[in-house]
Amino acid sequence: MATRTDAAFVADESFVPTSHKGLTYPFGGAEPGAGEVMTVAAGVRWVRLHVPGPLRHVNCWLLDDADDRGDGVALVDAGMNRPETREAWKAVFTGPLAGTRVTRVIGTHFHPDHIGLAGWMCDHHRAPLWMTRGEWLTAQMLVADARAETPAEVNAFRHGCGWSVEQIAHASARGWANFGRIVRPLPLSYRRLVDGETIAIGGRDWRVVVGSGHSPEHACLLDEANGVFVAGDQVLPRISPNVSLGITEPAADPLGEWFASIAKLKREVAADVLTLPGHGDPFTGLHVRLDAMDREHRARLDELEVFVGEAPRRVVDCFGRLFRRAIGDDMLGMATGEALAHLKRLEVEGRAVRDTGADGVWRWSAG
């Protein structure tokens, strides 16, 4: 593994590095404003786009590139399909990047805040889309699912988790096929990213490092020679990415995949890289953050094991132990998925068992 070189960072005395919980933020909280770009490493620029909800923003990265049509930039993630996001990109490409062409669009994973405008950007720049197969297929499936009514099996799933009749009715009233509203249709053809392959972007080699747990086959990009790591949502500096179990693959073990991915990143990515996350600020101290996320989730598992050992618990009963804050209807789905992922992991480790009651609700107790 190569370590970071000083040339990877931008020498700018106006940046005063800050630290928090063992991480260093080289740019001291500086960030690009609306319609602006900010250079974070040689040939790497940062665009920050607003998204609704508690995350507030998503980071997109522009990597200097060239193809048979000339120089341009490879775009890593494109933001959500919203009018203000499209206007923000227009400001970038008529302002600081006027005349610059996108050579390819790389999607780290299928979530709408990352690939919502990927299809729009591909169309506008006549650029190909690059994604892992698992992420591309998942996105295409969700865009194609145009059912207006919530499927009966989804309501049954929510009931099994312990949702109230009112909560199920409220969620159903919002409709089912919402993904296609915030994700523009993707190209019918794409270039598959494969774990471990090296792709040339401009004059630099970037290795694809695939993780899982937050999404099926999340693509990260590593420039080992210059110590730059585009992490997407696989590693975030201040919050833990959502790791959820849902109806699509109810027998899966996403938290187990998450733990395995943390161990993989520690093996394959140097500790001192400049990490470029999907949310939050660029930071150094990757292994510190990976260790912290691992400890956090394992501590949650230990607490949950004690909790279900005291009495049988529904999914919704576990929210207070896992999140330590009230869960409103807007976060109910994500909280349910995360709690299920932890309960499933306890099952896999033989620390809990699930039973279905006469009321059709699932309850976990000591294994």
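Quick caveat: nothing in here was measured; it's all calculated off a predicted structure.

Moving on, we get to the pairing of strand β5 (residues 57-67). Most of β5 is tucked away: eight of the 11 residues are buried. Sheet topology places strand β4 (residues 44-50) next to β5; seven bridges connect them, and they run antiparallel. Pairing of R48 across the sheet is with N59, part of β5. In textbook terms, the turn of a hairpin is the stretch between consecutive antiparallel strands, and for β4 and β5 this stretch comprises six residues, one of which, G53, has a positive phi near 100°. When β5 meets strand β6 (residues 70-76), the two strands line up antiparallel, connected through seven bridges. Of the residues in β6, the one forming a bridge with A66 is D71. Between the antiparallel neighbours β5 and β6 lie two residues.

Strand order in the open sheet formed by seven strands is β3-β4-β5-β6-β7-β8-β9, with mixed pairing between adjacent strands. Both outer strands of the open sheet, β3 (38-41) and β9 (191-193), are each paired with one neighbouring strand and no more. On average, adjacent strands in this sheet sit at an angle of 30° to one another, irrespective of strand direction. Helix-sheet contacts for helix α1 (residues 83-94) involve β4, β5, β6 and β7 (102-106), and the interaxial angle to β4 is about 150°. The sheet strands contacting helix α3 (residues 118-125) are β6, β7 and β8 (129-132), and the helix crosses β7 at an angle near 160°.

Among the residues of helix α5 (residues 152-160), V154, F157, R158 and G160 are the ones counted as buried. Taken down its axis, α5 places every buried residue within 160° of arc, on the same side. Close packing links the buried residues of α5 with α6 (165-173), α11 (332-348) and β16 (362-366). Directly after α5, the chain includes G162, whose backbone phi takes a positive value near 100°.

Below, the discussion takes up the nonpolar core. The biggest cluster of nonpolar side chains holds 48 residues, and the ones touching the most others in it are F229, V235, V315, F319 and W364. Other than its neighbours up to four places away in sequence, V315 contacts C161, T336, A339, L340, L343, W362 and W364. Core analysis: the second largest hydrophobic core is formed by 32 residues, V58, C60, C122 and A127 among them.

What counts, and at which threshold
- Residues numbered from 1 in each chain as written.
- Predicted model: local features only at pLDDT ≥ 70, side-chain atom pairs only at ≥ 80, totals over all residues.
- Heavy atoms only, no water.
- Buried < 20%, exposed > 50% of the residue type's maximum accessible area, 1.4 Å probe, protein only.
- Helix = DSSP H or I, 4+ residues; strand = E, 2+ residues; numbered from the N terminus.
- Pairing = 2+ DSSP bridges.
- Axes fitted to C-alpha atoms, helices over the stretch in contact; angles between N-to-C directions.
- Contact = heavy atoms within 4.5 Å.
- Arc of directions from axis to C-beta.
- Core = buried A, V, L, I, M, F, W, Y, C linked by side-chain atoms within 4.5 Å.

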